[in-house]
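# Structural characterization, general
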Amino acid sequence: MSLEVPADLEKQIDERITHYPVSKRSAVLPVLHLLQHHFRFVNEEVIEWAAAKLELEPIKVLEVVSFYPGFRQSAPGKYHIRVCRTLSCAMAGSYELMDSLCEKTGIDRSGVDHHNPIAVSADGTYSIEFAECLASCGTGPVCMVEDDFYESVDDVDALLAKYS
Amino acid sequence: MTFMKAWTTSTLSLPNTPDPIFLTAPQNHPNHRTYPLPTMSAITYKSGKEPHPNERRIIFKNVDREGWDQSIDTYEGEGGYDQLKRAVAMEPGAVTNEVKSAGLRGRGGAGFPAGLKWSFLPPNNTKPVYLICNADESEPGTFKDRYIIHQDPHQLIEGMAIAAFAVGAKLAYIYIREEFPQGAEILEKAITEAREKGYLGKNILGTDFELEIYVHRGAGAYICGEETGLIESLEGKRPYPRIKPPYFPAAMGLYLCPTIVNNVETLCHVRHILEMGGEEWSKVGTPNNTGTRILCVSGDVKKPGYFEVEVGKVTMGELINDMCGGLKDGRSLKAVIPGGSSAKVLRADETFKVGKGDDCKEISIWDIPMDFDTLAACGSMAGSGGVIVIDDSRSISWVLNNINNFYAHESCGQCTPCREGSLWMKKITDRLVADKAAPSDIETLDAVARNIDGQTICAFGEASSWPTESFVEKFKDELIADTKPELENTPVNAEKELAAAGLL
């Protein structure tokens, strides 16, 4: 196991764990969020490190990672895009937005399925997936790029220009 | 368009608030009426984001407000945390009684009375009590908690602190959906500010009341909005909902201790209930449907958006035609999903029997007052307040398929009828939109839905099957018109499909 967790990240993780005085296991999600934010995805080494940190069997961490769509088990692009797929955004054109983003970024989503929802551009700059309802149904179509949120997206070029 | 004014005008008596500022619709406005706003100072809103005259802003008072920010100084400048000060001088039970007398019903979806929920805590309890704020806002069509969290976080924290005092919780969590990363940061900053000011931590406001609130981010799973699923998630597990009984959170919740789970909007109301008094607050809205609530409108209207209205004082017609600018030009209404995507669809040309005894009458979709009881009487629900408007340009098969995709994706997989059924419903409507369905598929679709409903641990079973049940019931002809009779008795080639999907 050769995962190198920087000291300041581990400090943040230790602080998060104190938010759960009753059970360290409760910190699985926040610890994974911090690790994913740093390493970009959650692989076996990350899972084992988190499990050791929280004194859990690795399977207890893996079962969480494999359930929640918010955790990625493979590397995304430098900029990860999530497009809302659900009804109100779809009515406002989110499928067209997805097509347009894929076209501009050169992403091929033909291999995407439920277990592999993310498609990455050939140069690794962008990755994309559909997300279920991002809770901004009045301003569709909406998407997120990394942690940034965009409403009523109509200018794909301007959006992507911010992330290049 | 004619509206049934009896619903609105006869019940329009509003409490007098001190020094009210009147927001008045133009005299020639079809819904001309006057609303006092519960505020001491004139409020201006950002240009283009002004509340509609039909609104009564309590929870959303500061949303889109000119000069407003999320800082504690701004909040305190408007009387922020005064109600917490009032609460800690009261008996905890008295706070609960105010919430009970207000008749506050949960704003997350089920509409369960919040005060009653609080009073389900076991008497003589010796275990710790936890409070959880459900900020997992994820019911499709709902976008209200987002604005409270992002623009007025201290309102939520004050509401939570009062609620925690009432139920005896020393530790509280805000379970916020992962897709609100900025919201989580804003809340954490607000919590830090509140702690620095002595509104959180030990010896709050010089009393022996203590409370810590932590923000817990979810990870993109809709099922975490179900309160027992949320609790499992907060325990660091897969969010498989727990069976009730015995796992009613008030008795056996987080770490199997008594736990109160309330929605963001519900907890915010607690602060205003104390300010106005439960009795006065209960005069807002309509009997048994008290207070204001935020309606979120999306879909085929000219101006989608969020509107805080007195419960039951605005009809569907007023909401769509006046507040949202009506349908798009040249379009007519086909259907409305009135309370988040799991609410049963209402067809535009249906009539609904509402009221009891002498008050019983038939009304059109336009005249439905947007309250809990009437929408239930119409065979649907007020749910989370997410109203999705569908016009005649939409294919019902396409709409239903979009919804079925959502529920198939979000089923947690714990109960077989839901795990399998939600996927089958999706597969059938996938075929329907691909012109590959046979007429008998519609019967199968309905049968699958009816074998989920009532057969699962949690209400997701109903949430996933009600759309299909109601769409098939109300739009059967249109769904069948999208099928191909020549495909009848043509078995689906399972092997070929599996091979195409790369599974063989």
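Residues numbered from 1 in each chain as written. Chains lettered and ligands numbered in written order. Predicted model: local features only at pLDDT ≥ 70, side-chain atom pairs only at ≥ 80, totals over all residues.

### With respect to the interface of chain A and chain B
Counting residues at the interface gives 33 residues for chain A, matched by 42 residues for chain B. Each residue belonging to the side of chain A that touches chain B can be placed in one class, and the counts come to 19 nonpolar, 10 polar and four charged. (Contact = placed C-beta atoms within 7 Å. Nonpolar A, V, L, I, M, F, W, Y, C, P; charged D, E, K, R; others polar.)

### Some details on the packing of helix H15 (residues 416-433) of chain B against helix H17 (residues 460-474) of chain B
All names here are of chain B. Axis separation between H15 and H17 bottoms out at 10 Å; the angle between their running directions is 25°. Considering the angle they form, H15 stands roughly parallel to H17. For the pair H15 and H17, the sense of crossing is left-handed. Residues Pro417, Cys418, Ser422 and Met425 of H15 lie in contact with H17, whose contacting residues are Phe460, Gly461, Ser464 and Thr468. Here the contact of H15 with H17 is composed, by residue class, of four nonpolar, four polar and no charged. (Axes fitted to C-alpha atoms, helices over the stretch in contact; angles between N-to-C directions. Helix = DSSP H or I, 4+ residues; strand = E, 2+ residues; numbered from the N terminus. Parallel < 35°, antiparallel > 145°, perpendicular 65-115°, else oblique. Left-handed = near helix turned anticlockwise from the far one by under 90°.)

### Details of the pairing of strand S6 (residues 259-263) of chain B
Residues and elements named next belong to chain B. Most of S6 sits inside the fold, with five of its five residues counted as buried. Note that strand S3 (residues 129-135) and S6 share five bridges and pair parallel. Looking at the pairing, Asn134 lines up with Asn263 of S6. (Buried ≥ 20, exposed ≤ 12 C-beta atoms within 10 Å, placed from the backbone. Pairing = 2+ DSSP bridges.)

### Digging into the domain arrangement of chain B
All names here are of chain B. For chain B, the domain assignment lists domain 1 (74-282) and domain 2 (396-500). One C-alpha centre belongs to domain 1, the other to domain 2; they are set 37 Å apart. In this complex, domain 1 contributes 11 residues to the contact, which on the side of domain 2 involves eight residues. Here the side of domain 1 that touches domain 2 is built from residues that sort into eight nonpolar, two polar and one charged. (Domains from an automatic or database assignment.)

### Some details on the sheet that holds strand S1 (residues 79-84) of chain A
All names here are of chain A. Read across the sheet, five strands follow the order S2-S3-S1-S4-S5 without closing on themselves; strand pairing throughout is mixed. Each of the sheet's edge strands pairs with one partner strand only, and the pair in question is strand S2 (119-120) and strand S5 (148-150). With three bridges joining them, S1 and strand S4 (residues 143-145) adopt antiparallel strand pairing. Among the inter-strand pairings, Val83 is bridged to a residue of S4, identified as Cys143.

### A short note on helix H6 (residues 94-105) of chain A
Given 3.6 residues per helical turn, the α-helix brings residues three or four places apart onto the same face. All names here are of chain A. The terminal C-alpha atoms of H6, which comprises 12 residues, lie 16 Å apart, in line with the 16 Å expected from a rise of 1.5 Å per residue. Within H6 the residues assigned to the buried category are Ser94, Leu97, Met98, Leu101 and Thr105. One side of H6 carries all its buried residues, which in axial view fall inside an arc of 100°. For H6, the elements touching its buried residues are S1, helix H5 (87-91), strand S3 (126-131), S4 and helix H7 (156-161). Taken from the residues just after H6, Gly106 is the one with a positive phi, measuring 70°. (Expected span 1.5 Å × (residues − 1). Arc of directions from axis to C-beta.)

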